[in-house]
Amino acid sequence: MTDATYNSSAAATGRPVRRDIGIKRRYAAERRFRLYGIIAIAIGIFFLFALLSSVISNGYTAFWQTTIELPVKLDEKIIDPSNQRATNPNVLMTANYPVVVRNALAEKLGVAATDRPAMREVSKFFSDGVRNQLREMVVANPSLIGTTQTIPVLASGDIDSAFKGQIDLSVDQANRKVSDQQVGWMKKLADEGVMKEKFNTGLFTYGASSRPETAGLGVALIGSLYMMLIVLVLALPIGVAASIYLEEYAKKNRLTDLIEVNINNLAAVPSIVYGLLGLAVFINLVGLPRSASLVGGLVLTLMTLPTIIIATRAALRAVPPSIRAAALGLGASKTQMVFHHVLPLAAPGILTGTIIGLAHALGETAPLLLIGMVAFVVGYPTTPMDPATALPVQIYMWANEAERAFVERTSGAIIVLLLFLAVMNIGAIILRRRFERRW
Amino acid sequence: MSVLLVLLIVFGIGLVGFFVGRQRARAKETVGIKVHSRAHYHGWWVFLVTVLPALLFIVLWTAGSSIYLEHSAEASLPPQTATSALASRGLALDMVKSLAAGLERLDPTERQNLPQSYTDLRALLGTKGVALASEGQDYMLPIAERWESQAITARHLGAGIAFALAVAGLIFGLSGIHPRARARNNVERIVLWGLLAASTIAILTTVGIIFSMLFQTIKFFQDVSPWNFFFGTVWDPRFADAGSGGAEGQFGLIPLLAGTLYIALVAMLVAVPIGLFAAIYMAEYATPRVRAIVKPLLEILAGIPTIVYGFFALITVGPFLRDMSAAISGGPAFIMSQSVLTAGLVMGIMLIPFVSSLSDDIITAVPGAMRDGSLGLGATRSETVKRVILPAALPGIVGALLLTASRAIGETMIVVLAAGVAARLNINPFDAMTTITVKIVNQLTGDLEFDSPQTLVAFALGLTLFFLTLAMNIFALYIVRKYREQYE
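Not measured: the values here are computed from a predicted model. (Residues numbered from 1 in each chain as written. Chains lettered and ligands numbered in written order. Predicted model: local features only at pLDDT ≥ 70, side-chain atom pairs only at ≥ 80, totals over all residues. Heavy atoms only, no water.)

### Some thoughts on the sheet that holds strand β2 (residues 148-154) of chain A
Residues and elements named next belong to chain A. Here three strands make up an open sheet; going across it, the order is β2-β1-β3 and the pairing antiparallel. Among the strands making up the open sheet, the edge pair consists of β2 and β3 (195-199). Taking the axes of each pair of neighbouring strands and ignoring which way they run, one obtains an average angle of 40° across the sheet. Relative to β2, strand β1 (residues 64-73) runs antiparallel, the two sharing seven bridges. Paired with Glu-69 across the strands is Pro-152, a residue of β2. (Pairing = 2+ DSSP bridges. Helix = DSSP H or I, 4+ residues; strand = E, 2+ residues; numbered from the N terminus. Axes fitted to C-alpha atoms, helices over the stretch in contact; angles between N-to-C directions.)

Right, here's the structure in full:
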């Protein structure tokens, strides 16, 4: 009698009652499923912003550095006490320049020279980098000795952190690296307008240093530049040549198959394995120097090649066969067809792939660690055979330092690296948008 | 004369050949007979016959002469005695080599009256900016001097032969120019060989990877038995002084392998659900506008270098998890700052875009007819996804997940900074563990000696890693390829 009940109830309410086939439940499941998707995407984007904001909030201060504009008397009694500089130029190289700055700062702060503990605090107030700074000044122009020069003196790493508000000053004095006395001086100098934050050009010019305030990316930037040039010069022609062969000439045979499978696998080999290859072949077998950007460039070339080959082959495949047929029909040889017609049309795609490959190579760290790029290099490398570091390797080395000021530098270096990568990738996107042709 | 200068001169001769050849061919074009090749092909042909033989010779000569020099110097080294100050002949040879390289920087007058003892010479070379080790011996001086003079002779001889070859090629090329000469075909044949050579570099790289690691691994297995390596459960490679030979470490792979797989597992547990759901949403639900914004945003994650993730884990995620666990337990933190969880979580974030874009491609590749059929029969979108699309896309997705997992296993920088260095077996994800890649980096940064098992073990680890990821990749490609055949 179910039918009767069904009819009567329909008659009673005046509209047909639908059988319960679980529509509500199914729609709820549908909504839940959809929500999972949204949550997943939200988590992904949340992580992206967490990562970027962590790096930026830690690192944006690295682009400013606390400096003290200080009138320094280049006292002859300290720099060259026995007046030998005419006969022995080494005197100027080894003179005790920090003392000159310490005295100037003590005078400025009104600290008596006899107050030894206070003088020690004064010494820790500014960076030992003044030694190089003054030495270069004086050696270049010895007539400065005896005069008073106003020079920008870098504050020491801890003072710099404190000045930027990164050290918790409410902690007991014994448990932090900056004393109350130094904080007082800091306030005094800041009120006078002598101590302020300036744009940190040193971050881009200094080499390696154990003191955060004089550590910079100079050597790393040059090393990375060398490596990118080597990768570009080697990987682009070899990659394009290999792709042309595989795409336009190769007959389907064992060798071609082997090369194809190989390239696909090489693209998925862990990057650290390329480091082992570089160590065993380029350094141990061929005898190239460790830490050289040449070796780094070669290793990164091998690593980037599969990426470039895969991108180039896709670009070549996108050129329609009619172009090839037309060229051949007008009497071009196969080589002329490829080099005069197909290659120029595929060029934007090839360039895009190359830029993306280069960006990958620029951010790669692991293989470079193995070929000794973790080196403490102070002077600029003049050739690719000289020891150098790379941008990501410098980040790795700084990440292992404990001081607060190094955390800031590391994040600053990461911002620099990410900016380079962003510029390269945006360039690739613009290139693709402007020149990509669809047939 | 440096190799670079010789190369430049050879190229210069080649360029002259190109222009002269082109000019000659042009002059002959006017005669009136039908020419076979355009003039610039003749130019290129002359260039190639000038440069290529000389180039090939220079490469062979440079490699050959340095091997010869090394051998003859090694033969004249006195036999190794127990009292030798230097640990190995290789070290002594290296010192002779750098001594010889230093001698070249001296000017003729200094060469005339060379100091007779190593210490004096070292001081002299020091002023020229050549840094030498202090352990050198006096007997090295004559060997280094002979090395240097032979090197100079070899270089002059080589340069002379190279120039002769280039000039001979130039004359041969120029004399061959006449209207019926098939210059274009010749040039194209060489171009084709060049292209083939470029594409074999891929094979050479693989061969290089395998052999370079295999040789060192075999050397390693002469010191440590493979059984102890593959099945040892203790990792304790004591660093010993060179030559002392006493302390022998234990090189058990198991704790490293366990850490590697554990961290990869945690990473996959994070990345797979998030990446898969994100891919499903973007392929099936998202409007084109949302997709155009969200997809690039997620792909930014794939473009960030891994060292940045490592730093993020070290500075932000690790301390955050530690402080959070301390707040939960109300006492000491039960999550270490460097832990399996930290490394796995951050690696998972890195892998999200790999899972999502690979799965996205595979899901969109499922034929629309299947989707429409299911929807037409009254299934909701989620039912279509679960019962029709995912089963159809499953092989492809499994392949994508395998590729992702192989990336997780080979990942280095995140684990170096976030996983810790303690090699131990445990199942607590809040503790530190270490991975194969971390140990490769540990063993190979710092001073190296290519004959101690402490260094060589890195190559054995690398080979293990290579084959592990290779097997996963090949299996993944096989699955993906098989799947593709079904729908095309």
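On we go from here.
### Section: the packing of helix α2 (residues 39-76) of chain B against helix α6 (residues 140-175) of chain B
Residue and element names in this part refer to chain B. At their nearest, the axes of α2 and α6 sit 9 Å apart, and the two run at 165° to each other. In terms of axis orientation, α2 runs roughly antiparallel to α6. For the element pair α2 and α6, the recorded crossing hand is right-handed. The residue makeup of the contact of α2 with α6, split by class, is 21 nonpolar, eight polar and two charged. (Parallel < 35°, antiparallel > 145°, perpendicular 65-115°, else oblique. Left-handed = near helix turned anticlockwise from the far one by under 90°. Nonpolar A, V, L, I, M, F, W, Y, C, P; charged D, E, K, R; others polar.)

### Considering the UniProt feature "domain: ABC transmembrane type-1" (unreviewed entry) in chain A
UniProt feature "domain: ABC transmembrane type-1" (unreviewed entry): in the numbering of this structure it lies at residues 221-427 of chain A. Across residues 221-427 of chain A one finds 77% helix and 0% strand; the C-alpha atoms that close the span lie 20 Å apart. (UniProt positions renumbered as here; feature names shortened; annotations may be inferred.)

### Describing the pattern of salt bridges
Between side chains of opposite charge, a pair can form as their charged atoms come close. A complete count under the given rule lists 20 salt bridges over all chains for this structure. The partner of Glu-69 of chain A in a salt bridge is Lys-198 of chain A, with the nearest N and O atoms 2.6 Å apart. Here Glu-69 of chain A is found in strand β1, whereas its partner Lys-198 of chain A is found in strand β3, with 129 residues between them in sequence. Accessibility expressed as a relative area gives 30% for Lys-198 of chain A, which makes it partly exposed. A salt bridge links Glu-284 of chain B to Arg-381 of chain B; the shortest N-O distance between them is 3.5 Å. Note that Glu-284 of chain B is positioned in helix α9 (residues 254-285) and Arg-381 of chain B in helix α14 (residues 381-410), a separation of 97 residues in sequence. We classify Glu-284 of chain B as buried; its relative accessible area is 9%. (Salt bridge = Lys/Arg side-chain N within 4 Å of Asp/Glu carboxyl O. Buried < 20%, exposed > 50% of the residue type's maximum accessible area, 1.4 Å probe, protein only.)

### A closer look at the interface of chain B and chain A
Taken residue by residue, the interface counts 77 residues in chain B and 75 residues in chain A. There are one salt bridge connecting chain B and chain A. The shortest N-O distance in the salt bridge between Glu-383 of chain B and Arg-26 of chain A comes to 2.8 Å. The interface formed by chain B and chain A includes 10 residue pairs in polar contact (both at pLDDT 80 or more). For the side of chain B that touches chain A, the per-class residue count stands at 51 nonpolar, 20 polar and six charged. (Contact = heavy atoms within 4.5 Å. Polar contact = N/O pair within 3.5 Å; in protein donor to acceptor, adjacent residues only side chain to side chain.)

### A closer look at the UniProt feature "transmembrane region" (unreviewed entry) in chain B
Mapped onto the present numbering, the UniProt feature "transmembrane region" (unreviewed entry) falls at residues 43-63, 156-178, 190-215, 261-280, 300-321, 333-355 and 456-480 of chain B. Taken as a whole, residues 156-178 of chain B contains 87% helix and 0% strand, while its terminal C-alpha atoms sit 36 Å from one another.

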